[in-house]
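Structural overview
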Amino acid sequence: MSRISRLPSSMLRVAACTGIAALTLTACGSGSGSGTANAGSGSVKVGLITKTDTNPFFVKMKEGAEKAAKENGVQLVTAAGKFDGDNAGQVTAVENMVASGVKGILITPSDSKAIVPAIEKAKAKGVLVIALDTPTDPESAADALFATDNLKAGELIGEYAKAAMKGKTAKIAALDLAPGVSVGVQRHNGFLKGFGATDKDVACAQDTGGDQSKGQTAMENCLQKEPGINVVYTINEPAALGAYTALKAKGREKDVLIVSVDGGCTGTRAVKDGKIAATSQQYPLKMAAEGVKAVATYAKDGKKASGYTDTGVTLITDKAQDGVTSKDTAYGLDNCWG
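Thresholds, definitions, all that
Residues numbered from 1 in each chain as written. Predicted model: local features only at pLDDT ≥ 70, side-chain atom pairs only at ≥ 80, totals over all residues. Heavy atoms only, no water. Helix = DSSP H or I, 4+ residues; strand = E, 2+ residues; numbered from the N terminus. Buried < 20%, exposed > 50% of the residue type's maximum accessible area, 1.4 Å probe, protein only. Contact = heavy atoms within 4.5 Å. Areas by Shrake-Rupley, 256 points an atom, 1.4 Å probe, with all protein chains shown as cover. Salt bridge = Lys/Arg side-chain N within 4 Å of Asp/Glu carboxyl O. Phe/Tyr/Trp six-rings, centres within 6.5 Å; stacked < 30°, edge-to-face > 60°. Lys NZ or Arg CZ within 6 Å of the ring centre and 35° of its normal. Pairing = 2+ DSSP bridges. Axes fitted to C-alpha atoms, helices over the stretch in contact; angles between N-to-C directions.

Glancing now at the overall build of the protein chain. Looking only at helices and strands, one finds 11 helices and 12 strands in the protein chain. Of all 338 residues assigned to the protein chain, the portion counted as buried reaches 57%. In the protein chain, once contacts between residues fewer than 6 apart in sequence are set aside, the share between residues at least 24 apart is 76%. Accessible surface computed for the protein chain: about 13500 Å², of which carbon and sulfur atoms make up 49%.

It is worth spelling out the environment of leucine 241 at this point. Looking at where leucine 241 falls in the secondary structure, it is placed in helix 8 (residues 237-249). Overall, leucine 241 belongs to the buried group, its relative accessible area being 12%.

Where charged atoms of side chains with opposite charge meet at close range, the side chains can pair. Here the structure, examined in full by the defined rule, presents seven salt bridges. For the salt bridge of glutamate 155 with lysine 193, the shortest nitrogen-to-oxygen distance reads 3.9 Å. Of this pair, glutamate 155 sits in helix 5 (residues 150-165) while lysine 193 sits in helix 6 (residues 182-195), and the two are 38 residues apart along the sequence. With a relative accessible area of 53%, lysine 193 lands in the exposed category. Close ionic contact of glutamate 226 with lysine 171 constitutes a salt bridge, the shortest N to O distance being 3.7 Å. Of this pair, glutamate 226 sits in the loop between helix 7 (212-225) and strand 8 (231-234) while lysine 171 is found in the loop between helix 5 and strand 6 (172-176), placing the two residues 55 residues apart along the sequence. You can call glutamate 226 partly exposed: its relative accessible area is 21%.

Looking now at the packing of aromatic side chains. For the coordinates displayed, the defined rule picks out four aromatic pairs. When the centroid spacing of 5.4 Å and the interplanar angle of 90 degrees are considered together, the rings of phenylalanine 57 and phenylalanine 58 count as edge-to-face. An identical accessibility class is assigned to phenylalanine 57 and phenylalanine 58; each is buried. Through a chain of ring-to-ring contacts, the aromatic side chains of Phe57, Phe58 and Trp337 assemble into a single cluster. Cation over ring: lysine 103 sits above tyrosine 298, and NZ or CZ is 5.1 Å from the ring centre. The residue whose ring lies beneath lysine 327 is tyrosine 331, and the NZ or CZ to ring-centre distance is 5.0 Å.

The strands that make up a sheet are held in pairs by hydrogen bonds between backbone atoms, and each pair lies either parallel or antiparallel. Taken in spatial order, the six strands line up as 2-1-3-4-5-11 in an open sheet, and their pairing is parallel. Among the strands making up the open sheet, the edge pair consists of strand 2 (75-80) and strand 11 (307-310). When strand polarity is set aside, the average angle formed by the axes of neighbouring strands in this sheet is 20 degrees. Of the strand pairs in this sheet, strand 5 (residues 144-147) and strand 11 are connected by four bridges, and their pairing is parallel. Residue pairing across strands places leucine 145 opposite tyrosine 308, the latter belonging to strand 11. Strand contacts of helix 2 (residues 56-72): strand 1 (45-50), strand 2 and strand 4 (128-132), with the helix running at about 175 degrees to strand 1, the strand carrying the most contacts. Contacting strand 1, strand 2 and strand 3 (104-107), helix 3 (residues 87-100) runs over the sheet at an angle of about 175 degrees to strand 1.

Written out as structure tokens, the structure is:
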């Protein structure tokens, strides 16, 4: 994730294109250089707007879009928020891309509700708008959604954790995202569903913003509140690694089960190293590639993508449990991102 909307994460030096020329003629932005206009050489323009351009999840998403643009003979222009949660930057990018004549826009909304008016204006101009990874609110505001089934991702690690506990009484800590963010809510609820639990069964719940240092602090707080915690659900792998650090400081890293979601390369290596028991892996490259193809099809024959396309999720662990379908970390490392 972490590619997560409306989070107060640290300011990342990325750039949203602030002028039409930046989107259509040159790489845009300052510092990290968040935009490009030369991926693919066709006359049809496809826009990609991510939450940031430094998060490995979005780096991989951009790679997938660039490759697909070349394969489909379209021109890719990109922009990103200045930080995770920068709705204003994304609104400016949408407006600039529409003015530059894009046929379609792929966007990972930083604020699922606040971005809707800009999307509606783009659609009114005949632009196909596809949400990637994070749905708009309402989901129907975008023409289509290509994303992980986050409820299923949570459910998989919940089922795994339940099986791995082998009947032992669970004391659960939930290291969540932030209030009201759809991705976090879906993963949390999916975990509880898979585990066969409810929020009443959670001994400690803390928000982490998907951040490693905040994950560590959250775990420390939970251990103070309930020292007997033995199962830790985390919104993503940075939060999981923060939890592991806190547990290790208490000598508890061997007897607490940590499960997570994302399947980034760092997180998958942490599964291989035994720091995380299992993670649900998602595929940002596929989201972007399928999105570019959909815009290329729309430009060619006017056929609009619609509805929700599940881009897949796989449980990754080296400690398989009976009755829970999974693949090992060799597969996970072959398919990870970041």
